[in-house]
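# Observations on the model geometry
Each chain, letter by letter, is given below.
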Amino acid sequence: MTNSPPTIIGLAGGIGSGKSTVTKYFNELGIQSVDADDVARLVVKPNSDCLKKIHLRYGNDILLNDGTLNRKVLREIIFDQPKEREWLEALTHPVIRQEIMAQLNATTSRYVLLVHPLLFETKQDTLCKWVIAIDVPREIQIQRIISRDNVSQDSAEKILVTQLANNERIKRADFVLENAGNIADMNAKVLKLHQKILESLLC
Ligand code: ADP
């Protein structure tokens, strides 16, 4: 017997918008998830083909003492050099895509969330039946990034520049979760949306 393909629902939102927080609650409701950020880390783990190629290109400075990728150094390289970003994306995106598909196909819940900061930018919204976008005012988003990651205002703003503006993401989404309030507010919205999705899947 072959498994039927999973119903994939995208969860899009910039860094610090609340994707992990929202996903945690969907998981508690029994919905599985595949996190593109986790996969992106997995494909550059020590001894992976991708990490070997990155090491060859950038030398020992790109590794930490324990042999793992020095993400900070890599981030700095690609922020300043668009050609290097292109090289890195050409190397890693196909591998990430393949691993994401494998993980999605292994899920068994009624639907599965594909959690992705760059869902539209990487065209992975095309895999999804519907897309949920998280909407958060930019100032709150920046403050949450600063306190979670202990980075400067400048770095937080720089990261946001490389991602689609929230309003663009929201325009293209089927559902929007607004995350300016507290976690309890958010969880209540997630529960409502989960029920709406289950009902819509029956139609
Ligand atoms: P993402 O996964 O999109 O990068 P996170 O879920 O990690 O974002 O959220 C960013 C930070 O903001 C985390 O420290 C998280 O605990 C906090 N956060 C998220 N949503 C809320 C909320 N509604 N109220 C307060 N803090 C929140």
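This section reports on the structure supplied with the text. The structure presented is a predicted model; accordingly, all values stated were derived computationally and were not measured.

Attention now goes to the pairing of strand β4 (residues 130–135). Of all six residues that make up β4, five are buried, and the element is covered over most of its length. Across four bridges, the pairing between strand β1 (residues 8–12) and β4 is parallel. Note that in β4 the partner of I9 across the bridge is W130. Pairing between β4 and strand β5 (residues 175–178): four bridges, direction parallel. Bridging across to β5, I134 finds its partner in L177.

As a matter of local geometry, the ligand sits amid 14 residues, with K19, S20, T21, R148 and N179 nearest to it. Within the contact set of the ligand, an oxygen atom lies 2.7 Å away from a side-chain nitrogen or oxygen of S20. In this structure, an oxygen atom belonging to the ligand sits 2.7 Å away from a side-chain N or O atom of R148. Computed on the free molecule, the ligand has an accessible area of 560 Å², of which 77% lies beneath the protein chains in the complex. Secondary-structure elements contributing two or more residues to the shell around the ligand are α1 (19–28) and α6 (138–149). Broken down by element, the residue count for the shell around the ligand peaks at three residues, all from α1. Broken down by class, the residue content of the shell around the ligand amounts to two nonpolar, nine polar and three charged.

The strand order across the open sheet formed by five strands is β2-β3-β1-β4-β5, and the pairing between neighbours is parallel. In the strand order of this sheet, the two ends are held by β2 (32–35) and β5, each with one partner. Here the strands of the sheet are splayed against their neighbours by 25° on average, with no regard to which way each runs. Sitting on the sheet, helix α9 (residues 183–202) touches β1, β4 and β5, and the angle it makes with β5 is about 165°.

Within the structure shown, the criterion is met by three aromatic pairs. Ring geometry for W130 against F175: centres 6.0 Å apart, planes inclined by 80°, an arrangement best described as edge-to-face. Of this pair, W130 sits in strand β4 while F175 sits in strand β5, placing them 45 residues apart in sequence. Taking relative accessible area as the criterion, W130 reaches 18% and is therefore assigned buried. Judged by relative accessible area, F175 falls into the buried class, the value being 12%. If you follow K129 out to its NZ or CZ, it ends over the ring of W130, 5.0 Å from the centre.

The subject of this paragraph is the packing of helix α4 (residues 71–80) against helix α5 (residues 82–105). Axis separation between α4 and α5 bottoms out at 5 Å; the angle between their running directions is 120°. By the criterion of interaxial angle, the relationship of α4 to α5 is oblique. Mapping the contact onto sequence places L74, I77, I78, F79 and D80 in α4 and P82, E84, R85 and L88 in α5.

Core analysis: the largest hydrophobic core is formed by 29 residues, its most contacted members being I54, I100 and L114. Mapped by element, the contributors of at least two residues to this core are β1, α2 (36–42), α3 (49–58), α4, α5, β3 (112–116) and β4. I54 has contacts with V44, G59, I62, L69, W87, L88 and L91, leaving out every residue within four places of it along the chain. Ranked by size, the runner-up nonpolar core spans 19 residues in total, among them L113, W130, L193 and L201.

Rules of the game
Residues numbered from 1 in each chain as written. Predicted model: local features only at pLDDT ≥ 70, side-chain atom pairs only at ≥ 80, totals over all residues. Heavy atoms only, no water. Buried < 20%, exposed > 50% of the residue type's maximum accessible area, 1.4 Å probe, protein only. Helix = DSSP H or I, 4+ residues; strand = E, 2+ residues; numbered from the N terminus. Pairing = 2+ DSSP bridges. Near = heavy atom within 4 Å. Polar contact = N/O pair within 3.5 Å; in protein donor to acceptor, adjacent residues only side chain to side chain. Areas by Shrake-Rupley, 256 points an atom, 1.4 Å probe, with all protein chains shown as cover. Nonpolar A, V, L, I, M, F, W, Y, C, P; charged D, E, K, R; others polar. Axes fitted to C-alpha atoms, helices over the stretch in contact; angles between N-to-C directions. Contact = heavy atoms within 4.5 Å. Phe/Tyr/Trp six-rings, centres within 6.5 Å; stacked < 30°, edge-to-face > 60°. Lys NZ or Arg CZ within 6 Å of the ring centre and 35° of its normal. Parallel < 35°, antiparallel > 145°, perpendicular 65-115°, else oblique. Core = buried A, V, L, I, M, F, W, Y, C linked by side-chain atoms within 4.5 Å.

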